[in-house]
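# Structural overview for review
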Amino acid sequence: MDHTSNIEKLIRGALITLVLVFFLFPIAWIFLMSLQTNETILRIPPSLAFTPIIDNYTALITGELRTAAGSLQLNFMQNMFNSVLLSVCSVALSLVLGVPAAYAFARFKFRLGEDIAFTLLSFRFAPALLVLLPLSLYFKSLGLTNTYIGLIWVYQLICLPLILWIVRGYFEDISPDIEHAYRIAGNSWWRTFRKISIPLAKPGIAAAGLLAFIFAWNNFVFALILASADKQPVTVGALAFVTASGIQYGQIAAAIIISITPTLALALYAQRYLVEGLSMGAVKG
């Protein structure tokens, strides 16, 4: 029976509204900026009264930015394609390598197992600038500079440790007795892993994959140093909006709206797995 009073419901609703406004206001403001010219955006005092335009989105899609200094060619859609390709491939490869590894660390105890797992996790602790110099030298000697394969390989430093440690915790929460019972029925280890372990850990795998995708999508430093403009993602491609005639705030806002759309759509699609995966194992006993 619900004993919540009307005052408590009103206070709760007001607090939830304040939280939503706090977090959604920046996105709403950026969206409004994407529909304005630079002159409208920079006017003082700022005003919500303006005539919306879609020129900023048109410039991004067509690849031609018109400024006071002239016309500038953009590669934003190519940058979007690069971001999708790099993020999807790196996460897919990390899942293929990380999920079996996470299962091995969760189920089998072997010498230096914890040390190896912690070493992999330490890649997430180290700042990117620490490994950029040796990476750039190795890439140059191996011919991987400015290649998709090289960038996807580097993105494993972002995705693989995250997937390994998150998924490992979910496998540890699954009772080994379920797998043993399936094995006793005459099924192989590989079939047990595919039919029992992976489906039970599916929410955790989905949550880890989504978080890894977001981290890979937001990466900036590696692509800035190890690739040129035709291979760089949107995080680096946004630098093109800083032109000789000034900063193109409207195009930057439009680029932000377009660039966050894939991750937002993926998060909304997988939100059930995300919530279930992140909450799995929170209560024990």
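Analysis parameters
Every chain begins its residue count from 1, and numbering advances along the sequence as written. Reporting of local features is limited, given that this is a predicted model, to residues whose pLDDT is at least 70; pairs of side-chain atoms are given and counted only at 80 or more, and all residues count toward the totals for whole chains, interfaces and linings. The basis for every side-chain value is the complete set of non-hydrogen atoms in the structure, without hydrogens or water. Axis lines are fitted through C-alpha atoms, for helices just across the contact stretch, and the angle between N-to-C directions can take any value from 0 to 180 degrees. The way it works is that DSSP assigns letters per residue, a run of H or I at least four long becomes a helix, a run of E at least two long becomes a strand, and they are numbered from the N terminus. When an angle is under 35 degrees it counts as roughly parallel; over 145 it counts as roughly antiparallel; between 65 and 115 it counts as roughly perpendicular; any other value is oblique. Each crossing is labelled by how the near helix is turned from the far one, with a counterclockwise turn of less than a right angle marking it left-handed and a clockwise turn marking it right-handed. Pairs of residues are marked as contacts when any of their non-hydrogen atoms sit within 4.5 Å. In the scheme used here, Gly and all other residues not listed as nonpolar or charged are polar, with Ala, Val, Leu, Ile, Met, Phe, Trp, Tyr, Cys and Pro taken as nonpolar and Asp, Glu, Lys and Arg as charged. The pLDDT score gives, residue by residue, the confidence of the prediction method on a 0 to 100 scale. Here, a disulfide means two cysteine sulfur atoms that sit within 2.5 Å of each other. Note on exposure labels: buried denotes an accessible area under 20% of the residue type's maximum, exposed denotes more than 50%, and partly exposed covers the range between, all computed with a 1.4 Å probe on protein chains only.

### As for the packing of helix α7 (residues 148–173) against helix α10 (residues 202–217)
- Running from N to C, α7 and α10 point in directions that differ by 160 degrees, and their axes come no closer than 9 Å. As the angle between them shows, α7 and α10 are arranged roughly antiparallel. In terms of crossing hand, the pair formed by α7 and α10 is right-handed. Residues Y155, I158, C159, L162, I163, I166, V167 and Y170 of α7 form the contact with α10, whose own contacting residues are G204, I205, A208, L211, A212, F215 and A216.
- Residue composition of the contact of α7 with α10, grouped by class: 14 nonpolar, 1 polar and no charged.

### Looking at the confidence of the model for the protein
- For the protein, per-residue confidence averages 83 on the pLDDT scale, and 91% of positions sit at 70 or higher.
- Averaged pLDDT values over the elements of the protein bottom out at 63 in helix α14 (residues 271–279) and peak at 91 in helix α4 (residues 76–107).
- The low-confidence segment residues 281–285, where pLDDT is below 50, has 2 contacts with residues more than four positions distant or belonging to other chains.

### Re the state of the cysteines
- In total, this model carries 0 disulfides according to the counting rule given.
- With no disulfide of its own, C89 lies 11 Å from the sulfur of C159, the closest cysteine sulfur.
- Judged by relative accessible area, C89 falls into the partly exposed class, the value being 29%.
- Residue classification places C159 among the buried positions, given a relative accessible area of 0%.

### A few points about unusual backbone geometry
- For the bond running from I44 to P45, omega is 0 degrees, close enough to zero to count as cis.
- With respect to the element layout, P45 can be found in the loop between α2 (38–41) and α3 (55–62).
- Despite not being glycine, N146 has its phi angle at roughly 60 degrees, a positive value.
- Structurally, the position occupied by N146 is in the loop between α6 (128–142) and α7.

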